[in-house]
Amino acid sequence: GLFPLVLIGQGNGQDVADQVVLCEYLASQGFVVAATPSPMLRTPLEREDQVGPLAELQAEELAAAIGVVAAELPVDRERLAVVGHSFGARAALLLGMRDRRIRAIVSLDGGIGTATAADEFRRAPSFREDAELPPLLHFYEELDAFMAPDFRMLRALHTAELVLTATAAMHHAHFTT
């Protein structure tokens with residue numbers, strides 16, 4: 001049979017080592033997992049007007065990973081999930097907006113649940129507020145001021161289901177390995 005594929009969108013400046021525990025856990029549950037490094041390892045995020053273009057680039061790299069993995073392993077290319085940490089949740093959301101094969105989106109304290117650079121993100125070419133999205137699960141913390149929750153954008157989306165889940169005693173950094 002075909003294995004389900006989960007894509008992992010890394011946070012700003014992170015690589016696969018930052019989510020290795022999550023990746024290994026998902027693999028132990030029968031998922032094939034593909035992660036790509038943050039594009040900010042090559043192009044540092046220095047201004048808010050970079051948010052849309054860098055999120056687009058990361059979404060493109062995640063989409064390309066589907067073909068790379070499918071060429072090597074028997075994965076179900078029609079039923080995909082994407083998990084994004086921090087900035088990676090922006091790429092996960094854009095990928096879900098442009099690829100109907102994405103069946104679930106998980107945000108790990110993602111920037112999509114904050115007001116930070118929200119207007120710049122909405123200007124990304126793939127951003128479509130009217131897109132029909134799969135269920136979206138957003139975990140968030142309330143301890144770090146720079147990640148202050150703001151769910152206006154998430155609530156405006158057309159998701160099959162939106163679940164907002166607060167965590168206890170977690171900082172933003174705790175969502176990485």
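Here we summarise the structure given alongside this text. (Residues numbered from 1 in each chain as written. Predicted model: local features only at pLDDT ≥ 70, side-chain atom pairs only at ≥ 80, totals over all residues. Heavy atoms only, no water.)

Side note on the sheet that holds strand β2 (residues 32-36)
Taken together, the six strands give an open sheet; going across it, the order is β2-β1-β3-β4-β6-β8, and neighbouring strands pair in parallel fashion. Each having just a single partner strand, β2 and β8 (162-166) make up the two edges of the open sheet. The mean inter-strand angle of the sheet, taken between neighbouring strand axes irrespective of direction, is 20 degrees. Across four bridges, the pairing between strand β4 (residues 102-108) and strand β6 (residues 136-140) is parallel. Paired with Ile-105 across the strands is Leu-136, a residue of β6. (Pairing = 2+ DSSP bridges. Helix = DSSP H or I, 4+ residues; strand = E, 2+ residues; numbered from the N terminus. Axes fitted to C-alpha atoms, helices over the stretch in contact; angles between N-to-C directions.)

Details of the nonpolar core
Leu-5, Leu-7, Leu-93, Phe-121 and Phe-127 are the most contacted members of the largest nonpolar core, which totals 40 residues. Top element by residues in this core is helix α2 (residues 51-70). It accounts for nine residues. Those residues in contact with Phe-127 that lie beyond four places of it in its chain are Glu-56, Leu-93, Leu-94, Met-97, Phe-121, Arg-122, Met-153 and Leu-157. Of all hydrophobic cores here, the second largest spans eight residues; its members include Ile-8, Ala-81, Leu-108 and Phe-175. (Core = buried A, V, L, I, M, F, W, Y, C linked by side-chain atoms within 4.5 Å. Buried < 20%, exposed > 50% of the residue type's maximum accessible area, 1.4 Å probe, protein only. Contact = heavy atoms within 4.5 Å.)

Describing the packing of aromatic side chains
Enumeration over the complete set of coordinates arrives at two aromatic pairs. A ring pair is formed by Phe-121 and Phe-127, whose centres lie 5.4 Å apart and whose planes are at 70 degrees; its orientation type is edge-to-face. For the pair shown, Phe-121 and Phe-127 are each scored as buried. Note on Tyr-140 and Phe-151: the rings are 4.8 Å apart at their centroids and 65 degrees apart in plane angle, and the pair reads as edge-to-face. In this pair, Tyr-140 is assigned in strand β6 and Phe-151 in the loop between β6 and α5 (152-156), connecting sequence segments 11 residues apart. In this structure, Tyr-140 and Phe-151 share a single accessibility class: buried. Taking NZ or CZ as reference, Arg-90 lies 5.4 Å from the ring centre of Phe-121, over its face. (Phe/Tyr/Trp six-rings, centres within 6.5 Å; stacked < 30°, edge-to-face > 60°. Lys NZ or Arg CZ within 6 Å of the ring centre and 35° of its normal.)

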